[in-house]
Amino acid sequence: MSKKNIAVIFGGRSTEHEISVISATQAMDSIDVTKYNVLPVYIAQTGKWYTGNALRDKKFYKTLPNGLDSLKNVFLKPEPNVGGLSYLTKGFPFGTKEEIILVDMIVPVFHGSFGEDGCIQGLFEMANIPYASSGVLGSSVAMSKYVCKKYLEVHG
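**Structural notes on the overall build of the protein chain**
For step 1, the next point in the chain: When helices and strands are counted, the protein chain shows four helices and seven strands.
For step 2, the next point in the chain: Listed N to C, the secondary structure of the protein chain is β-α-β-β-β-β-β-β-α-α-α in terms of helices and strands.
For step 3, the next point in the chain: Taking 15 Å as the expected radius of gyration for a compact globule of 156 residues, we find that the protein chain reaches 17 Å, a close match to that expectation.
For step 4, the next point in the chain: By its C-alpha atoms, the protein chain is 60 × 35 × 35 Å across when sized along the principal axes.
For step 5, the next point in the chain: Taken across its 156 residues, the protein chain has 38% of its residues classed as buried.
For step 6, the next point in the chain: Of the accessible surface of the protein chain, which amounts to about 9,400 Å², a share of 56% is contributed by carbon and sulfur atoms.

Rendered as structure tokens:
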């Protein structure tokens with residue numbers, strides 16, 4: 001049986017970006033690599049997505065934004081049949097070619113806006129990729145203290 005590809009996605013545009021990086025590196029270190037291929041996916045504060053083995057090294061983050069050029073720029077298309085992360089390769093006679101890194105499941109490790117609030121979960125659902133997290137509604141309700149308190153009041 002082949003190993004499943006687990007994408008750990010972290011970082012992002014939140015003010016809690018650095019905490020997300022710390023949490024993600026700890027999460028990646030705890031995944032059993034004899035059973036799973038771990039694919040780190042870092043979202044820079046600019047919103048660009050990157051992957052590469054350097055993202056597994058905690059020291060790499062001290063050099064940012066240097067080093068990002070050594071990583072592969074990836075993106076997740078909100079299309080249900082892609083099956084993973086896309087990236088473009090250059091050098092083909094007609095410009096660029098889209099390649100896919102297959103992903104069996106996503107583990108989002110975010111803190112704050114654009115990750116913990118249901119936004120990224122909606123993208124995962126549009127792409128039809130399973131993820132380990134609360135869904136869109138649960139994440140968005142939990143992120144808003146006011147909405148969460150009102151929801152809990154209504155449900156006793």
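**A look at the packing of aromatic side chains**
For step 1, the next point in the chain: Per the stated rule, a full pass over the model turns up five aromatic pairs.
For step 2, the next point in the chain: Both rings, one in Phe10 and one in Tyr42, keep their centres 5.8 Å apart while their planes meet at 50°; by these two values the pair is tilted. A residue pair is termed long-range when its members are at least 10 positions apart, and Phe10 in strand S1 (residues 4-11) and Tyr42 in strand S2 (residues 36-43) qualify at 32 residues. For the pair formed by Phe10 and Tyr42, the shared burial category is buried.
For step 3, the next point in the chain: In textbook terms, an aromatic cluster arises when at least three aromatic residues are bridged by ring pairs, as seen for Phe10, Tyr42, Phe60 and Tyr61.
For step 4, the next point in the chain: Between Arg13 and the ring centre of Phe114, over which it is positioned, the NZ or CZ distance is 4.0 Å.

**Quick notes on the sheet that holds S2**
Two orientations exist for strands paired in a sheet by backbone hydrogen bonds: parallel and antiparallel.
For step 1, the next point in the chain: One open sheet holds the five strands; their spatial order is S4-S3-S2-S1-S7, and the pairing between them is mixed. Two strands bound the open sheet, and with one partner strand each, they are strand S4 (72-74) and strand S7 (105-109). Here the strands of the sheet are splayed against their neighbours by 30° on average, with no regard to which way each runs.
For step 2, the next point in the chain: As paired elements, S2 and strand S3 (residues 49-51) share three bridges and run antiparallel to each other. Among the inter-strand pairings, Tyr42 is bridged to a residue of S3, identified as Tyr50.
For step 3, the next point in the chain: Lying on the sheet, helix H1 (residues 17-30) is in contact with S1, S2 and S7; it crosses S1 at an angle near 155°.

Rules of the game
- Residues numbered from 1 in each chain as written.
- Predicted model: local features only at pLDDT ≥ 70, side-chain atom pairs only at ≥ 80, totals over all residues.
- Heavy atoms only, no water.
- Helix = DSSP H or I, 4+ residues; strand = E, 2+ residues; numbered from the N terminus.
- Rg over C-alpha atoms; globule rule 2.2 N^0.38 Å.
- Buried < 20%, exposed > 50% of the residue type's maximum accessible area, 1.4 Å probe, protein only.
- Areas by Shrake-Rupley, 256 points an atom, 1.4 Å probe, with all protein chains shown as cover.
- Phe/Tyr/Trp six-rings, centres within 6.5 Å; stacked < 30°, edge-to-face > 60°.
- Lys NZ or Arg CZ within 6 Å of the ring centre and 35° of its normal.
- Pairing = 2+ DSSP bridges.
- Axes fitted to C-alpha atoms, helices over the stretch in contact; angles between N-to-C directions.
- Contact = heavy atoms within 4.5 Å.

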